[in-house]
Structures are given as structure tokens and as C-alpha cells.
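Chain and residue survey
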Amino acid sequence: MANTLALTQRPAWKALGEHYRNIRDLHLRTLFAEDPRRGERFAAEAAGLYLDYSKHRVTAETMNLLFELARQSGLRERIDAMFAGEKINLTENRAVLHVALRAPRGSTIMVDGENVVPKVHEVLDRMAEFSHAVRGGSWQGHTGKRIRNVINVGIGGSDLGPVMAYEALRHYADPNLTVRFVSNVDGTDFAVATAGLDPAETLFIISSKTFTTLETMTNARTARQWTLDALHDEGAVARHFVAVSTNAAEVAKFGIDTRNMFGFWDWVGGRYSMDSAIGLSTMIAVGPDHFQAMLSGFHAIDEHFRTAPFERNLPVIMGLLAVWYNDFFGAQTVGIFPYDQYLKRFPAYLQQLTMESNGKHVTLDGRQVDYQTGPIFWGEPGTNGQHSFYQLIHQGTKLIPADFIAFCRTLNPLGRHHDLLTANVLAQAEALAFGKTPEQVKAEGTPERLVPHRVCEGNRPSSIIMADQLTPEVLGKLVALYEHSVFTQGCVWSIDSFDQWGVELGKVLALRIIPELESGAEPQLNHDSSTNLLIRRYRERRKG
Ligand code: G6Q
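First, a word on what this report is: a plain description of the structure on this page. Remember, predicted model here, so these are calculated numbers, not experimental data.

Here is what the cut-offs are and how they apply
- Along each chain, residue indices are assigned from 1 in the same order as the chain's sequence is written.
- Reporting in this predicted model follows two pLDDT cut-offs: at least 70 for local features of residues, and 80 or more for side-chain atom pairs to be given and counted; totals over whole chains, interfaces and linings ignore these cut-offs and use all residues.
- Remark: hydrogens and water are excluded; side-chain values derive from all non-hydrogen atoms of the structure.
- Each axis is a line fitted through C-alpha atoms, taken for helices only over the stretch in contact, and angles between the N-to-C directions span 0 to 180 degrees.
- Runs of E in the DSSP output that reach at least two residues are strands. Runs of H or I that reach at least four are helices, and both are numbered from the N terminus.
- Orientation categories follow fixed angle ranges, with anything under 35 degrees roughly parallel, anything over 145 roughly antiparallel, 65 to 115 roughly perpendicular, and all other angles oblique.
- The hand of a helix crossing depends on one turn: near helix anticlockwise from the far one by less than a right angle means left-handed, and clockwise means right-handed.
- In what follows, residue pairs with any heavy atoms lying within 4.5 Å of each other are defined as contacts.
- Put simply, Ala, Val, Leu, Ile, Met, Phe, Trp, Tyr, Cys and Pro go in the nonpolar bin, Asp, Glu, Lys and Arg in the charged bin, and everything else, Gly too, in the polar bin.
- By the convention used here, strands pair only if DSSP detects at least 2 bridges between them.
- Note on aromatic contacts: the rings of Phe and Tyr and the six-membered ring of Trp form a pair at centre separations within 6.5 Å, being stacked when their planes are under 30 degrees apart, edge-to-face when over 60 apart, and tilted otherwise.
- For the exposure calls, accessible area comes from a 1.4 Å probe over protein chains only, and a residue counts as buried if that area is under 20% of its type's maximum, exposed if over 50%, partly exposed in between.
- To sit over a ring, a charge needs its Lys NZ or Arg CZ within 6 Å of the ring centre and within 35 degrees of the ring normal.
- Polar contacts here mean pairs of N or O atoms no more than 3.5 Å apart (in protein, one a potential hydrogen donor and the other a potential acceptor; neighbouring residues in sequence count only if both atoms are side-chain atoms).

**With respect to the packing of helix H22 (residues 501–518) against helix H23 (residues 529–541)**
Working note: a packed helix pair is described by the angle between its axes plus the distance between those axes. Relative orientation of the contacting elements H22 and H23 amounts to 40°, with a least axis distance of 10 Å. By the criterion of interaxial angle, the relationship of H22 to H23 is oblique. Like other packed secondary-structure pairs, H22 and H23 cross with a definite hand, here right-handed. Within the contact between the two elements, H22 uses Ile513, Glu516, Leu517 and Glu518 and H23 uses Thr531, Ile535, Tyr538 and Arg539. Considering only residue class, the contact of H22 with H23 consists of four nonpolar, one polar and three charged.

Okay, here's the thing in C-alpha cells:
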């Protein structure tokens, strides 16, 4: 692994600090006026994805310094190390190989002396066989009824990817199947997801890498009870439950036949697992061919990321821009605004991908960072957001770099809708960049006292990512783009983007309180005075 200087000691970092002071007040209006070809110059394309980053507060020099920073951060070596199966997740001593999940049959990626690609395809083949059986009706429920409902039970990385992909690819999904998701330990989630469904027609996919997660195991047990209450036969579990996990022993202990288990490996992180067996619900919904197309989309961007020079490398450019605003402009957040209703869960998915990966406060060698790491990601689809929080982006006091995602063709052509949608996304990016000057506001006949209120300063940066159409392949490309952008950022910040010790902590914290809530006898409470009081109040009042 590359041995690099501490981030703030890298010459390019220092140069960027200096450069920032020179250009921070430069307006996008000036940058565009000075260079009529700026739109072409600050754009890059890969595998059919077009990235326009001209509306960012950067000059050619900024970009050169950022690319230099990537080099001085050892990005090239880190990319090679990831693809070579090196254990770059240092704190867990694991390889990081989501790229192997979409490697074409016949390719070679070695982990601990073993080529993992054949194992990946073996599981994909079993998933395809099972998906065909469910979709075609040859996999039946215990009473011989056809499976019409598929419920994925999982949380975090075992939920957010499948939910996002199902919503994104609904257009391609089998309309005869109802696909739902249960994640929250709040019983409401289970109750709502199963409302109106016939247990005899319902298949549960219990998705958990560890198969020990409290929420998922609780929901899985409830699902088993729900099934048995209706079907009255333990034997029904075999037809109504399959598991996706790395932990065969726990799967067997739960009572699921391990022949109905689809495996993956410790080198697949939860938030990087939607294209592993964790994607089984996606595959059943859209069919193996569309799933395969999604994997080829991922792979196309993997290859682009691995081989393209940084100057034309989309994930590298996106990652470096995130660093630029986060560390030099002090921006705290990034807005993700897909102009496609099918991508409504994409921002939530990216929240986990980005914030769990780069929400870290120490470097790989355990030193406290003295710079900002991962920004907050958030967002909603357009145009809805325009009628609510965009106001703050246009005229508030916070700098919020935005990613707009747009498509040239819609999957639902209806009159003028798509042109109107596209006009809006282009207009927003334009308005954020150029704003409205006092002169323009006055020329509209605005009364003097209202002029300051109606001025939009502009100089709000954004990217536009434009693709032809939301296909399974394009979805794979979009996700891979962000995965590798996150990797680029983590590399510059010298952090471990692949562990999640904060999440692990959360998994054990509640364990102490559960018996204190459930025990019949008054428990001995040794928490702080606030927690003790809340526990007592809950115990007293829960019976209503
Ligand atoms: C992902 C995280 C976390 C994880 C869930 C579910 O990177 O580690 O979101 O996916 O906690 O874990 P299991 O799949 O083990 O149930």
C-alpha cells in the first residue's frame, strides 16, 4: 500500500489551500464569461454517463491540483490494491472486493490464493435458477399455491440496496409479484408489509450477512410465526423461507435448510452488497437477465475507474470535487437530486454508502484527523424538492454542492411531462450557478425595498450526471460511480472507508436495556438519571 505523507503535509494539499484563497470569490458568471467553451472543457463521459462539472467553482488549475492531490494520496496504488484483492480494510483485515461481484465469468480475482470469480458465478447461477423457479411458478408454497409475494427481511446494507434497486427498476419488475421489505424492529414495519397478504403465497428472504442482527432476527422469527399460524406445519418453513448470509451455522440454527441459502463472503461490505446474493429480491423481481445487465453496468464503471486517467475518470473527478468543497469551502453537506421518480430511494441508499464509509475520525494508522472527512449526503427527487428545501440552496447562507441526475428518455412517455422535467433540472443548475443580480431584479420593475429579497447570488455549485435512460445497466453504472467516488474521497482522507465500528456499537447498546424493560421484577437500574427515569416511565405506562 502506498506510503503517503499526512494529508495536510502533502504539497498539493498546501497548494490547494493557497489556491483556494485566490479563487474563493471568483464567480461562476465570470468563469463562464471568460471561457466560452467551459461547458465542453469541464465535462467527461464514460460508458454512456455524461458528467458536466463546469458549474463548479474550479479552474483548470484547481483540477490539476486536485488530480495531483489524488496522486500524492496514492490513489492509483490504492485502486490497484483493491482490484488485486489486497486487505485494504485494515481494521477488519479484509479484502474489499465488491468489484468481484460483477467480474465477468472467466476473469480472475485472487483472495488468499483463491480465484473468487467462479464462486461468485456459482451463487449467481443458483440465484438465477431459484428466481426462474419463483417467477415461473415451479417453486410453490407449502400448500401448492404459487408464490405471489416476496418479502425481503434485512436492515442497513441488507435492505437499502435491495429497496433502492427494486424501486429504481420497478418498470422492469414482474407485475404479478408483490415485493416488499421489512427492516425496522418496529412491529409496524412487519404489520404493514404483510397486510393483506396470504401466507400460503408469501416467500420470505432473510437477508443478513451475520445472521445475528437483532432487528432482522426478530422480524424473521415473527415472519416464521406469521407463516406457521396460517399453515400449521413446521415443514412449511422450507418452502416459505430462504436465507442470504455468510453464516451457514446460524442459518441452520434458525431452521432454514442451508440448501436454500445463498452465500456471500467477508470481502463484501454490507453497504456494497446489493449486487451479491443480497440482491436476490431484485433478481426475483426483475429477472436474471436484467440483474445481469445491472452487473455489466457496474463492471463497465469498475473498468473505467481502474483504467481511465484521473483527468477523465468520472468517480475520481466526483470524489475530488467532494473533497474540494468539504475541506476548503467548509461545505457540510452534498445534495443528491435525481430527476426521476424511480430513483426516489437513491439518496437514502447513498446516505449509507457515503456516510457509513467516510464518517471516520481517525486515519488508517489511528491518528486523529485534523481536517474534515465525509460530508452529510441527503436529497429527494426533483422536481418535488424545488417546492420545498431548494429555497435554502438558492438563497440561504450555506453552501450545498448538488448532484443532479437526469435522463434523456423517460420510461413513461406521457405528453410533455419529460420535457418539463428536464427543463426544470437544467434551469435549477443554471439558476444556482448564475443567480439573479440586483440589476436584473430592478429591470423587472421590482420595488426598491424588495430588491435585496429577490436577488439570488448564484455561485452555487452543481454537477449534472446525464444518462440516456434508466435501465438496469445504467443503474449499475450510477451506483458504481458513487462507490468509487467514495473510495477516492476515503483515499485522500487516509481513512478506512470499509469498516463501521460506530454501527457495531449500536448493535450491542440496546442489549443491556432490553431485559430491564422486559423483566417482571423491578430491575436494578444503573444508568444515568435521565435513562433510569425514562425506563421507569416506560415500564409504568406501557400497559396503557
Ligand atoms: C453495512 C453495515 C450495516 C449492515 C447491517 C445489517 O455496511 O455494516 O448497515 O449491513 O447492520 O447487517 P447484517 O447483514 O449482518 O444483518
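**Describing the sheet that holds strand S5 (residues 149–153)**
Pairing is parallel across the open sheet formed by five strands, whose spatial order is S6-S5-S7-S8-S9. Edge positions in the sheet fall to strand S6 (178–182) and strand S9 (261–263), since each has one partner strand and no second. Averaged over all adjacent pairs, the angle separating strand axes in this sheet is 20°, with direction ignored. Sheet analysis places strand S8 (residues 241–245) next to S9, joined by three bridges and oriented parallel. If you follow Ser245 over to S9, its bridge partner there is Gly263. Sitting on the sheet, helix H9 (residues 187–194) touches S5, S6 and strand S7 (202–207), and the angle it makes with S6 is about 175°.

**Looking at the packing of aromatic side chains**
Enumeration according to the criterion identifies 31 aromatic pairs in this entry. Summarising the aromatic geometry, the rings of Tyr325 and Phe329 are spaced 5.3 Å apart at their centres and angled 45° between planes, so their arrangement reads as tilted. Take Tyr325 and Phe329: they sit in the same class, and that class is buried. Each ring, one from Phe487 and one from Phe498, has its centre 6.1 Å from the other, and the planes form 45°; the classification is tilted. On the criterion of sequence distance, the pair formed by Phe487 in helix H21 (residues 472–493) and Phe498 in the loop between H21 and H22 is long-range, its members being eleven residues apart. According to the relative accessible area criterion, Phe487 is buried, its value standing at 3%. By the ring-pair criterion, three or more aromatic residues cluster together here, those being Trp13, Tyr20, Trp324, Tyr325, Phe328, Phe329 and Tyr371. Against the face of Phe32 rests Arg38, its NZ or CZ located 5.4 Å from the ring centre. Taking NZ or CZ as reference, Arg239 lies 4.0 Å from the ring centre of Trp139, over its face.

**Looking at unusual backbone geometry**
Here the bond from Gly382 into Thr383 is cis, since omega is 10°, no more than 30 degrees from zero. Within the secondary structure layout, Thr383 lies in the loop between strand S11 (376–378) and helix H17 (390–395). Phi is positive for Asn93, close to 50°, though the residue is something other than glycine. Residue position: Asn93 is located in the loop between helix H5 (75–83) and helix H6 (98–101). You can call Asn93 exposed: its relative accessible area is 52%. Phi is positive for Asn459, close to 65°, though the residue is something other than glycine.

**Thoughts on the environment of Ser107**
You can see Ser107 is positioned in the loop between H6 and strand S3 (110–111). For Ser107, a relative accessible area of 25% corresponds to the partly exposed category. A C-alpha to C-alpha distance of 43 Å links Ser107 and Leu509, two positions 402 residues apart in sequence. When near neighbours in sequence (up to four residues on either side) are disregarded, Ser107 contacts Asn115 and Val117. A distance of 2.5 Å separates a polar side-chain atom of Ser107 from the backbone oxygen of Pro104.

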